[in-house]
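Spelled out, the chains give:
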Amino acid sequence: MLRIENLHVKIGDREVLSGINLHITENETFILFGPNGSGKTTLLMTLMGFGNYEITKGRILFRGQDITHASIYERARLGIGMSFQRPPTIHGLKTRHLVKMCARDGEVDVEALARKVNMDTFLDRDINAGFSGGEIKRSELLQLMAQKPYMLLFDEPESGVDLENMKLIGSTVRDVLSGGIDPKSGSSMKEQRVRKRPVSGLIITHTGYILEYVNADRGQVLYNGHLCCEANPRDILDHIGQYGYQECVRCLQ
Amino acid sequence: MEKINLGAFRFSGSTLGEIPDLRQLDPADKAEMLMSGVDVEERDRAGTYLQVDHGRVHCKSLQKGVEILDIKEALAKYDGLPGYFWTQVDKDKDEFTRSAAENLHGGYFVRTEKGAKITEPVQSCLFLKGDMIGQNVHNVVIVEDDSELHIITGCSVAHGSKGAAHLGISEFFVGKNAKLTFTMIHNWADSTVVRPRTGGVVDEGGVFINNYVLLKPVKDLQSYPAIRLNGRGAVARFNSVIVAPKGSYVDSGSRIELNAPDTRGEIISRTIASGGTIVARGFIGGNSVPAKGHLECKGLILGGGVIHAIPELRGAMDGVELSHEAAVGKIAQEEIEYLMARGLDEGEATSTIVRGFLNVDIMGLPQELKDVIEKTISESEKDMF
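Small disclaimer: the values here were computed from a predicted structure and weren't measured.

Student: Is there a simple way to think about the overall build of chain A in this case?
Tutor: When helices and strands are tallied, chain A shows nine helices and 12 strands. Its C-alpha radius of gyration of 18 Å places chain A within 12% of the 18 Å reference for a compact globule of 253 residues. For the C-alpha atoms alone, the extent of chain A along its principal axes is close to 55 × 45 × 35 Å. In chain A, 70% of the contacts between residues at least 6 apart in sequence involve partners at least 24 apart.

Structure (structure tokens):
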């Protein structure tokens, strides 16, 4: 699905990512840990193609295509979707209208999707205007459900979210990552997997709450622009919980 | 702003005569009128007043409860409209008001009956067809107690006009618990000079909503309607959407005086300079309490030009609540990238943000008019980016 090779990224004069290698396969969910300022958000923003992130070396392959220099919208149309942590308010742009545009030419039942994330009363409000933390996450998910990407990038899906919202957001993230297929009788998991659209995920988390909801396959720590410590995400979380990131420092030395 | 030489315009001699069926209008003129909201079929309209150059060509009420007359007829019928005519605008304010006072060509008189809720809009169009025509009009709108009215008025010039001057006096009277929505769409040409002079008064519990749309080029326009909220609980709101392409000079603002307790005033303007100059004014005066006023003028410069925002607040009593918010800037890159991450290319993203910024939705216009405005916006986007 996504292959990152020896990626070096600069913001201004400062190198933030130094030789990242990462391969996320189809239907895999990958968790990225790391302290503040380690470059996690930079990695996501670079994958999405934002302007301030300059790739100085390496390349990004998405579904076999080199997208290292593709524009943001080309990546979006190829099937990369991102949940923003602090999306901007766009005055006069109704949430309903944006969700429709996310679907491009595809048919979308905006009302039905909105009900799933409890956003139906927000459809006629300007996007992100006065939204709370939880409302922003739900709105981002609503847009992603309409966009139907193959590769989902989540930047801290649990930040600023209360416990009640966490449950709804967690289960929706899980739903979106599963390609929208619920387990049901009459067809085996294997059969369902064959028929469904492949969807992979890359999730940044600090707290690990999201692990309660999604099937995370692998995880790694990003520290000072370097990836290290590949392991089961729960084990990484337990380790960080106990020792913090200082072990990573030792490991990288 | 240059000085306007009124002597260069013809202020007499161009009258067309009655056009009973608007569908018989010259197709090119019809197209221009359509752009300013005129429905020549007169479907979903409570009536029409249409003037070309120096005289009325069509005047008809289609709904009970609303009277629509040529102002000259109204002055004859109501003994010169004492208490109304020239009470909200000073006859001696400037050479433009004097011109309209000395040589009146026409204009509309619209009056609702007490309690009449006129559901369909009344439409009017003041059209400039001939070259170098100067047009003096005087409009009087009276919305009697407990009644409701929406007027859509378009001002327009013939395609390819080489020059014209429009001088228009408008006076509004909103009665107790009455509501007037006044939507004005200006559709001028790069050679037109425009000097509207507007004033109005709102009585207890009355509501005045003024929508103004100017998307096409205009040589020189200066407009500054002033509304006084004289009755307890009266409300006024001005929404303006102005685009000034290269060559346009637009000095436009609104003024609200909060003269009674529990009054509220709001002025919201959205301006885009795409090569031209805009002076965006606003004034709210708090002269009574409790009273609230909010002024919001936001401007974008897209492709050159000047925006000069002048928001003014004047509180004259303890306890008034007045606020303003002004910004002149550009489209935030962050907003463009957010939309691009949803699959919109840069052009689509920019256009979506501009439409949201102009926010015509807020005006609550009939769908077909909204469509016309949307179309005009997308045409003028060519100059913006």
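Student: In this structure, what is going on with the sheet that holds strand S3 (residues 29-33) of chain A? I would like to understand it.
Tutor: Sheet strands associate in pairs through backbone hydrogen bonding, adopting either a parallel or an antiparallel arrangement. All names here are of chain A. Spatial ordering of the open sheet is given by S6-S9-S10-S3-S11-S12, a layout of six strands whose pairing is mixed. If you trace the sheet from one side to the other, it starts and ends with strand S6 (80-83) and strand S12 (226-231), each paired once. The mean angle between the axes of side-by-side strands here comes to 20°, regardless of whether they run parallel or antiparallel. Contacts between helix H5 (residues 133-147) and the sheet are confined to S6 and strand S9 (151-155), with S6 contributing the most and set at about 170° to the helix.

Student: How do you make sense of the interface of chain A and chain B when you look at a structure like this?
Tutor: In many analyses, interface size is given as the accessible surface area lost on bringing the parts together. Facing 20 residues of chain A, the contacting portion of chain B comprises 18 residues. Of all the secondary structure elements, the ones that give two or more residues to the side of chain A that touches chain B are helix H2 (72-78), strand S7 (90-94), helix H3 (95-102) and H5 of chain A. Grouping the amino acids of the side of chain A that touches chain B by side-chain chemistry returns 13 nonpolar, five polar and two charged.

Student: How should the pairing of strand S16 (residues 263-274) of chain B be read in this particular structure?
Tutor: When a strand is regular, its side chains alternate between the sheet's two faces. Residue and element names in this part refer to chain B. Among the 12 residues that make up S16, 10 are buried, leaving the element largely enclosed by the rest of the structure. Both strand S14 (residues 235-245) and S16 contribute to a ladder of 11 bridges, which runs parallel. Paired with Asn239 across the bridge in S16 is Ile268. Judged from the 11 bridges that link them, S16 and strand S18 (residues 291-301) form a sheet pairing that is parallel. Pairing of Glu266 across the sheet is with His294, part of S18.

Student: Please clarify how the nonpolar core should be interpreted in this entry.
Tutor: Among soluble globular proteins, nonpolar side chains are generally buried collectively. Met48, Leu142, Leu153 and Val173 of chain A together with Val141, Leu180 and Met340 of chain B are the most contacted members of the largest nonpolar core, which has 188 residues in total. If we ignore the near neighbours within four places in the chain, the residues touching Met340 of chain B are Ile72, Tyr73 and Ala76 of chain A together with Glu346 and Ala349 of chain B.

Student: Please explain the sheet that holds strand S9 (residues 179-187) of chain B as it appears in this structure.
Tutor: Residue and element names in this part refer to chain B. Read from one edge of the open sheet, 10 strands run S2-S1-S5-S7-S9-S11-S14-S16-S18-S20, paired in mixed fashion. Looking at strand neighbours, the two that pair on one side only are strand S2 (55-61) and strand S20 (321-329), the edges of this open sheet. Ignoring strand direction, the axes of neighbouring strands in this sheet form an average angle of 5°. One ladder, built from eight bridges, connects S9 with strand S11 (residues 207-214); its direction is parallel. What sits directly across from Thr181, in S11, is Ile209.

Student: Can you help me understand unusual backbone geometry in this one?
Tutor: Among all residues save glycine, negative phi is the norm, and among peptide bonds the norm is trans. Cis geometry is found at the peptide bond from Val289 of chain B to Pro290 of chain B, where omega equals -10°. Position of Pro290 of chain B relative to the elements: it lies in the loop between strand S17 (277-286) and S18. Even without being glycine, Asn128 of chain A reaches a positive phi, approximately 70°. Its location among the elements puts Asn128 of chain A in the loop between strand S8 (126-127) and H5. Given 23 C-beta atoms within 10 Å, Asn128 of chain A falls into the buried group. Look at Asp262 of chain B: it is not a glycine, yet its phi comes out positive at around 60°. Position of Asp262 of chain B among the secondary structure elements: in the loop between strand S15 (249-258) and S16.

Student: Explain helix H4 (residues 333-340) of chain B to me, please; I cannot follow it from the model alone.
Tutor: Every α-helix winds through 3.6 residues per turn, so residues three or four apart in the chain are directed the same way. By the criterion of burial, H4 of chain B is predominantly enclosed, with six of the eight residues buried. Of all the positions in H4 of chain B, only Glu335, Ile336, Glu337, Tyr338, Leu339 and Met340 of chain B are classed as buried. The inward-facing, buried residues of H4 of chain B abut H2 and S7 of chain A together with helix H5 (346-358) of chain B.

Student: Please explain the confidence of the model for chain B as it appears in this structure.
Tutor: Fine structural detail should not be taken from predicted coordinates in areas where pLDDT scores are low. Residue and element names in this part refer to chain B. The share of residues in chain B with pLDDT of 70 or more is 100%, and the mean pLDDT across the chain is 93. No element of chain B has a lower mean pLDDT than helix H1 (residues 27-35), which averages 83, and none a higher one than strand S13 (residues 226-229), which averages 98. Taken over the whole predicted complex, pTM reads 0.88, whereas the ipTM for its chain interfaces reads 0.93.

Student: Looking at this structure, how should I read the packing of H3 of chain A against H5 of chain A?
Tutor: All names here are of chain A. The interhelical angle for the contact between H3 and H5, taken along N-to-C directions, is 35°, at an axis separation of 7 Å. When H3 is examined against H5, the residues Thr95, Leu98, Val99 and Cys102 are found in contact with a partner set consisting of Ser139, Leu142, Gln143, Ala146 and Gln147. Across the contact of H3 with H5, the residue classes break down as five nonpolar, four polar and no charged.

Student: Would you explain the environment of Gly356 of chain B in this entry?
Tutor: One can find Gly356 of chain B in helix H5. The class of Gly356 of chain B is buried, set by 21 C-beta atoms lying within 10 Å. Ignoring sequence-local partners within four residues, the contact set of Gly356 of chain B consists of Ile90, His91, Gly92 and Leu93 of chain A.

Student: Explanation requested: the environment of Asp26 of chain B in the structure shown.
Tutor: Topologically, Asp26 of chain B is positioned in the segment before H1. Judged by the 15 C-beta atoms lying within 10 Å of it, Asp26 of chain B falls in the partly exposed class.

Student: Quick question: what am I supposed to make of the environment of Thr25 of chain A here?
Tutor: With respect to the helices and strands, the residue Thr25 of chain A is situated in the loop between strand S2 (14-24) and S3. As a C-alpha pair, Thr25 of chain A and Ala129 of chain A span 104 residues in sequence and 36 Å in three-dimensional space.

Student: What is the right way to look at the pairing of strand S7 (residues 148-157) of chain B in this model?
Tutor: All names here are of chain B. Counting buried residues in S7 gives nine out of 10 residues, a clear majority hidden from the surface. In terms of strand pairing, strand S5 (residues 122-128) meets S7 through seven bridges, oriented parallel. The partner of Leu128 across the bridge, within S7, is Val157. Two elements, S7 and S9, share nine bridges in a ladder whose sense is parallel. Each residue of the ladder has a partner; that of Cys155, found in S9, is His186.

What counts, and at which threshold
- Residues numbered from 1 in each chain as written.
- Chains lettered and ligands numbered in written order.
- Predicted model: local features only at pLDDT ≥ 70, side-chain atom pairs only at ≥ 80, totals over all residues.
- Helix = DSSP H or I, 4+ residues; strand = E, 2+ residues; numbered from the N terminus.
- Rg over C-alpha atoms; globule rule 2.2 N^0.38 Å.
- Contact = placed C-beta atoms within 7 Å.
- Pairing = 2+ DSSP bridges.
- Axes fitted to C-alpha atoms, helices over the stretch in contact; angles between N-to-C directions.
- Nonpolar A, V, L, I, M, F, W, Y, C, P; charged D, E, K, R; others polar.
- Buried ≥ 20, exposed ≤ 12 C-beta atoms within 10 Å, placed from the backbone.
- Core = buried A, V, L, I, M, F, W, Y, C linked by C-beta atoms within 7 Å.
- pLDDT = per-residue confidence, 0-100.

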